[in-house]
Amino acid sequence: MRTYLSDFVALFFPNICLGCESALPNGVPHICPTCQYNLPKTRNYKIEVPHIEQKLAGSVRYSHLLAYVHFHKKGIVQKLLHELKYNHKEEIGIMLGRWFGHDLLLAGFQNEFDIIVPVPLHPSKFKKRGYNQSEAFAKGLAEVLKMEVVNALVRNVASETQTKKSRIERQENVASIFEVAEPNLVIGRRVLLVDDVLTTGATIIACGNQLINVGVSEFSVAVIAATQ
Ligand SMILES: [Zn+2]
């Protein structure tokens, strides 16, 4: 009965691929196999944005800096991230985390990290959205890499009103907004910090230095996408 009903509904409101807008086969969520195959994946999981890599290398001591896909304006990655963040599609983050997790397993990353720590949302934003999109990605990764997601960081300030500040001011502003709330869960561990999009690197630098200051043994980063 349920499938009849959902087939009937699908006649009028078919599930369409976020990439090519073709009707999706039953049971295939969000993106068709062709668009999945054609995702703009990074080469060797590297972000390949030299000025961001340089900035990060000069500001925080990291072991691995991994990105699943490239971000292009108006491309499929932007659509996926938009659905993930603004359209209640937490499962898109989990799906991308699983896919990236499988790639990382094949590449021999299964024993590189001990725990996964998502970049937190401010509590007021978490309440409004109902989930943390970075944590969704972390859950997918953790499932495949057989690791634990540890919400060790907290965000003390909602950081949305920064658009008019200079880059340096922004970075200083960001540096003080994250805090390790659960140091005993990360001390001596190899931490993989997970975020949705890497843009300026300021968030990664701020979280990374907080984690390093409390004594993680290694700090690495994985993001869904890096902007050019
Ligand atoms: Zn498609």
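Preceding this section is the structure that the text describes.
Residues numbered from 1 in each chain as written. Predicted model: local features only at pLDDT ≥ 70, side-chain atom pairs only at ≥ 80, totals over all residues. Heavy atoms only, no water.

## A closer look at the pairing of strand β2 (residues 115-118)
Worth spelling out the cut-off: Per-residue accessibility, obtained with a 1.4 Å probe over protein chains only, is compared with the maximum for each type, and a residue is labelled buried under 20%, exposed over 50%, and partly exposed between these values. In this description a helix means any DSSP run of H or I spanning at least four residues, a strand means any run of E spanning at least two, and both kinds are numbered starting from the N terminus. Between any two strands, at least two bridges found by DSSP are needed for them to pair.
Residue alternation in β2 divides its side chains into two sets, I115 and V117 and I116 and P118, and both sets are buried. Both β2 and strand β3 (residues 148-149) contribute to a ladder of two bridges, which runs parallel. Looking across to β3, one finds that I115 is bridged to E148. In this sheet, strand β6 (residues 190-198) lies alongside β2 in parallel orientation, the contact comprising four bridges. Bridge pairing in β6 places I115 opposite V191.

## Section: the coordination of the zinc ion
This is how it is decided: With water excluded from the atoms, a metal site may look incomplete; its donors are any N, O or S atoms within 2.8 Å, or within 3.2 Å for Na, K and Ca. A four-donor site is called tetrahedral if each angle lies between 85 and 135 degrees; a four-donor site is square planar, and a six-donor site octahedral, when trans pairs exceed 155 degrees and the remaining angles lie between 65 and 115; all other cases are labelled irregular.
The protein atoms that coordinate the zinc ion are C17 (SG), C20 (SG), C32 (SG) and C35 (SG), at distances of 2.3 Å. Because the angles between the four donor atoms bound to the zinc ion fall within 105 to 113°, the donor set is best described as tetrahedral. Between consecutive donors of the zinc ion, the numbers of intervening residues give the motif C-x2-C-x11-C-x2-C. With a gap of 15 residues between them, C20 in the loop between α1 (2-12) and α2 (33-37) and C35 in helix α2 connect regions that are remote in the sequence. Here C20 falls in the partly exposed class, since its relative accessible area comes to 40%.

## Brief notes about the pattern of salt bridges
The line we're drawing: When a carboxyl oxygen of Asp or Glu is within 4 Å of a side-chain nitrogen of Lys or Arg, the pair counts as a salt bridge.
Taken as a whole, this structure holds seven salt bridges when the rule is applied. A salt bridge links K85 to D196; the shortest N-O distance between them is 3.7 Å. Taken together, the residues K85 in helix α4 (residues 76-86) and D196 in strand β6 connect sequence positions 111 residues apart. Overall, D196 belongs to the buried group, its relative accessible area being 5%.

## A few points about the environment of Q228
What counts is decided by this rule: Contacts were defined at the residue level, with two residues in contact if any of their heavy atoms lie within 4.5 Å.
Considering the arrangement of structural elements, one finds Q228 in the segment after β7 (218-227). With relative accessibility at 54%, the residue Q228 sits in the exposed group. Spatially, the C-alpha atoms of Q228 and H70 are 7.5 Å apart, while their sequence positions differ by 158 residues. Contact partners of Q228, with chain neighbours within four places excluded, come to E48, V49, H70 and F71.

## Remarks on the sheet that holds β2
Stated formally: In this analysis, axes come from line fits to C-alpha atoms, helices being fitted only over the stretch in contact, and the angle between any two N-to-C directions falls in the range 0 to 180 degrees.
Strands sit in the order β1-β7-β6-β2-β3 across an open sheet of five strands; the sheet is parallel. For this open sheet the edge positions go to β1 (65-71) and β3, each flanked by a neighbour on one side alone. Where β1 and β7 come together, six bridges link them in parallel fashion. Note that in β7 the partner of L66 across the bridge is A222. Against the sheet, α4 makes contact with β1, β6 and β7, and its axis sits at roughly 105° relative to β1, the strand it touches most.

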